[in-house]
Amino acid sequence: MTEESEDQFSGAGAGRMDAIAKGPFAPIYPVIARQAIEICGITEGRCVDIGCGPGHLAMALATASDLEIDALDSSADMLEIAELNIREAGLTDRVHPVSGDVHDLPYDDGSVDLIVSRGSLFFWNDRARAFSEIWRVLRPGGRTFVGGGFGTAALKAQITAKMREIDPEWEVKAAKRLAPANQDAIRRDLETAGIPSSEIHEDEAGFWIVMRK
Ligand code: SAM
């Protein structure tokens, strides 16, 4: 995690992320969960949501599939909130909070069927290393849905309007993260990591790295 994100995702920052996820962002998680399932075609087995934050994508995926899901994050404060949210949603049998870092994933080689991650890769210190870790733990036949996005163009517009009131700098930061230049940098990192089979799937509200092992 970068220094900037350490503040952003710990203490009061973790609470703010939860409030945003339960407020303006709330409608995007079920939409993104459906997109991940549709594009990756994986509905059972082991899934890891990397940089799960308060756990909303992991919970939406559990609701939409038979996957067993690890909600993994490097921030202890985020995981504490995720644990509460998972308990409140009655999903403790299917969604398990896990402390971990994308640069050194706590999984055996070839042991994970589906890896999802939303809005986290923008904060990784060494994306190439993270990508090779993700590839290492994917099972043959496994897929990833790793990136950033807001579900649909209409949801993105709605969120942008609400976020303008909460954080005037948010719109510029979000646009930079999703910009073609950033996607090009990500393509270079995938190449550096030596990922043999991946594509960047761009939709109307973001982009997703789909690796196919
Ligand atoms: N995925 C959640 C969502 O969409 O609501 C949270 C997104 S939040 C913008 C980014 C998350 O990535 C934070 O919870 C942060 O702690 C986590 N994160 C950042 N760097 C990480 C790393 N190196 N390993 C694991 N998690 C990381």
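This text goes with the structure placed above it.
So, here's what we can say about the structure.

Rules and cut-offs
- Residues numbered from 1 in each chain as written.
- Predicted model: local features only at pLDDT ≥ 70, side-chain atom pairs only at ≥ 80, totals over all residues.
- Heavy atoms only, no water.
- Buried < 20%, exposed > 50% of the residue type's maximum accessible area, 1.4 Å probe, protein only.
- Helix = DSSP H or I, 4+ residues; strand = E, 2+ residues; numbered from the N terminus.
- Pairing = 2+ DSSP bridges.
- Axes fitted to C-alpha atoms, helices over the stretch in contact; angles between N-to-C directions.
- Parallel < 35°, antiparallel > 145°, perpendicular 65-115°, else oblique.
- Contact = heavy atoms within 4.5 Å.
- Nonpolar A, V, L, I, M, F, W, Y, C, P; charged D, E, K, R; others polar.
- Near = heavy atom within 4 Å.
- Polar contact = N/O pair within 3.5 Å; in protein donor to acceptor, adjacent residues only side chain to side chain.
- Areas by Shrake-Rupley, 256 points an atom, 1.4 Å probe, with all protein chains shown as cover.
- Left-handed = near helix turned anticlockwise from the far one by under 90°.

Right, let's get into the pairing of strand β7 (residues 206–211). Along a regular strand, successive side chains alternate from one face of the sheet to the other. Of all six residues in β7, six are buried, a share of seventy percent or more. A two-sided burial pattern is seen for β7, the buried positions comprising Gly206, Trp208 and Val210 on one face and Phe207, Ile209 and Met211 on the other. Relative to β7, strand β5 (residues 138–149) runs antiparallel, the two being bridged by four bridges. Within β7, the position partnered with Val146 by the bridge is Ile209. Bridging between strand β6 (residues 198–203) and β7 involves six bridges; their strand directions are antiparallel. Bridge pairing links Asp203 to Gly206 in β7. Where β6 folds back on β7, the antiparallel hairpin that results is connected by two residues.

For the pair helix α7 (residues 153–166) and helix α8 (residues 170–178), interaxial distance at closest approach is 9 Å and the crossing angle is 140°. Taken together, the axes of α7 and α8 lie oblique to each other. Between α7 and α8, the contacting residues are Lys156, Ile159, Thr160, Met163 and Arg164 on the first element and Trp170, Glu171 and Leu178 on the second. Among the residues forming the contact of α7 with α8, the class breakdown is four nonpolar, one polar and three charged.

What follows concerns the site of the ligand. In the region of the ligand, 20 residues are neighbours, and Tyr29, Gly51, Asp73, Arg118 and Ser120 sit closest. Note that an oxygen atom of the ligand is positioned 2.6 Å from one of the side-chain N or O atoms of Asp73. Contact between the ligand and Ser120: an oxygen atom at 2.8 Å from a side-chain N or O atom of the residue. Considering the ligand on its own, with 600 Å² of exposed area, one finds that the protein chains cover 97% of that surface.

This part takes up the packing of helix α2 (residues 12–22) against helix α5 (residues 76–88). Between α2 and α5, the shortest axis-to-axis distance is 9 Å and the interhelical angle comes to 40°. By the angle between their axes, α2 is oblique relative to α5. Relative to α5, the crossing made by α2 is right-handed. Along the contact surface, α2 presents Ala14, Gly15, Met17, Asp18 and Lys22, while α5 presents Asp77, Met78, Ile81 and Asn85.

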